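Below, each chain spelled out in residue letters.
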Amino acid sequence: MAVQHDVVWQNFAVTSSDRAKLLRQAPFVLWFTGLSGAGKTTLANLVAKRLHDLRYHAYVLDGDNLRQGLNRDLGFTVADRQENVRRMAEVASLIHDSGLIALAACISPFATEREFARSLLPPGRFVEVFVDAPLELCEQRDNKGLYRRARAGEIADFTGIDSPFERPANPELVMDTGRLTPAECTDAIMEYLVEKDLVVADWTRTRQ
Ligand code: ADP
């Protein structure tokens, strides 16, 4: 719940676009949403590596990692999940403001919080990637053993089992990780970024 404070927004001499210019990039937020095991972290990692190799400055915000620090006071009730995503959205926005590209990988099961994350960014600077894999496939992968534990009743409120996932209505990209390889998904995401002029496929960037 928002609390009323008598605080005034401060503006600083060095602006977001000054920082971005120094870094020679147009910052944006790439927001990966999908079920546990769908491939969000894998793709964020691969895209971050591609961007790094092209000399772009990017930072990965991983939902599981944030839950070990900033969000360690939060559980998996609906209210806590909403707060978890709200904080992730605010941090992604700060990273964007710093001039960096933010890659956010978190389940973000509810449309309202994803839309909130979008609302913090200028138009065209929020790219929602729906990492779409069928529940059966995620459960079969079960790379963290969480589905097995959820089915055994050891974990409650598990997304896809006993907690809902609202499929994005209008994501910029849908990656069907059941049909495509991680490399194919990475190529498709990079192609989209180039097409939208967020990334320039320019060999001079990689010149030492
Ligand atoms: P999440 O972050 O969504 O919980 P992870 O990235 O941790 O998911 O795990 C996804 C698993 O699916 C990994 O073991 C990965 O190798 C596998 N996988 C298979 N195909 C793909 C693909 N096209 N994209 C991403 N991951 C894939």
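What you are looking at is a predicted structure, and each value in this text was computed from that prediction instead of being measured.

What counts and how
Residues numbered from 1 in each chain as written. Predicted model: local features only at pLDDT ≥ 70, side-chain atom pairs only at ≥ 80, totals over all residues. Heavy atoms only, no water. Buried < 20%, exposed > 50% of the residue type's maximum accessible area, 1.4 Å probe, protein only. Helix = DSSP H or I, 4+ residues; strand = E, 2+ residues; numbered from the N terminus. Pairing = 2+ DSSP bridges. Axes fitted to C-alpha atoms, helices over the stretch in contact; angles between N-to-C directions. Contact = heavy atoms within 4.5 Å. Near = heavy atom within 4 Å. Polar contact = N/O pair within 3.5 Å; in protein donor to acceptor, adjacent residues only side chain to side chain. Areas by Shrake-Rupley, 256 points an atom, 1.4 Å probe, with all protein chains shown as cover. Nonpolar A, V, L, I, M, F, W, Y, C, P; charged D, E, K, R; others polar. Core = buried A, V, L, I, M, F, W, Y, C linked by side-chain atoms within 4.5 Å. Phe/Tyr/Trp six-rings, centres within 6.5 Å; stacked < 30°, edge-to-face > 60°. Expected span 1.5 Å × (residues − 1). Arc of directions from axis to C-beta.

Okay, the pairing of strand β5 (residues 173–176) next. What you see with β5 is a clean split: Leu173 and Met175 sit on the buried side and Val174 and Asp176 on the side with no burial. Summarising the sheet, strand β4 (residues 126–132) and β5 pair through four bridges and their orientation is parallel. Counterpart to Val129 in the pairing with β5 is Leu173.

Attention shifts here to the sheet that holds β5. Taken together, five strands build an open sheet; the order of strands is β2-β3-β1-β4-β5 and the sheet is parallel. Edge strands, defined here as strands with exactly one partner in the open sheet, are β2 (58–62) and β5. Each neighbouring strand pair of the sheet contributes to a mean axis angle of 20 degrees, computed without reference to strand direction. Along the sheet, helix α2 (residues 40–53) contacts β1 (29–33), β2, β3 (101–105), β4 and β5; its crossing angle with β3, the most-contacted strand, is approximately 165 degrees. Each of β1 and β4 touches helix α5 (residues 111–119); the most contacted strand, β4, lies at about 150 degrees to it.

Around the ligand sit 17 residues, and of these Gly37, Lys40, Thr41, Thr42 and Leu180 come closest. In this structure, Arg141 approaches the ligand through a side-chain N or O atom, which is 3.3 Å from an oxygen atom. Separating an oxygen atom of the ligand from a side-chain N or O atom of Asn143 is a distance of 2.8 Å. Protein burial of the ligand: of its 570 Å² of free accessible surface, 80% is covered by the chains. Put simply, the parts of the chain that give the shell around the ligand at least two residues each are α2 and α8 (182–195). Looking at the shell around the ligand element by element, the count peaks at four residues for α2. Residues that form the shell around the ligand fall into these classes: six nonpolar, eight polar and three charged.

Right, let's talk about the environment of Ser119 for a bit. As for its position among the elements, Ser119 is in helix α5. Judged by its relative accessible area of 53%, Ser119 is exposed. Each C-alpha atom of the pair Ser119 and Ser17 lies 19 Å from the other, and the pair is 102 residues apart in sequence. In terms of polar contacts, Ser119 uses its side chain to reach the backbone carbonyl oxygen of Phe116, at 2.6 Å.

Leu30, Phe32, Leu103, Val129, Ile189 and Leu193 are the most contacted members of the largest nonpolar core, which totals 34 residues. Elements represented by at least two residues in this core include exactly β1, α2, β3, β4, α7 (146–151), β5 and α8. Filtering out sequence-adjacent residues up to four positions away, Leu193 remains in contact with Phe28, Leu30, Leu198 and Val199.

The backbone phi angle of Ser108 is positive, close to 40 degrees, even though this residue is not glycine. By the secondary structure assignment, Ser108 is in the loop between β3 and α5. Its relative accessible area of 2% is what places Ser108 among the buried residues.

For the structure shown, the criterion picks out three aromatic pairs. Between Phe130 and Phe165 the ring centres are 5.9 Å apart and the planes differ by 20 degrees, which places this aromatic pair in the stacked class. Of the two residues, Phe130 is situated in strand β4 and Phe165 in the loop between α7 and β5; the sequence distance between them amounts to 35 residues. In terms of burial, Phe130 and Phe165 fall into one category: buried. When the centroid spacing of 4.9 Å and the interplanar angle of 80 degrees are considered together, the rings of Tyr147 and Phe158 count as edge-to-face.

What follows covers α2. An ideal rise of 1.5 Å per residue puts 20 Å on 14 residues; α2 measures up with 20 Å between its terminal C-alpha atoms. Looking only at α2, the buried set comprises Lys40, Leu43, Ala44, Val47, Ala48 and Leu51. Along the long axis of α2, the arc covered by the buried residues comes to 135 degrees, so they all point the same way. Of the exposed residues in α2, the ones pointing more than 90 degrees away from its buried face are Asn45 and His52. Elements in contact with the buried residues of α2: β1, β2, β3, β4, β5 and α8. Positive backbone phi, approximately 65 degrees, marks Arg55, located one or two places after α2.

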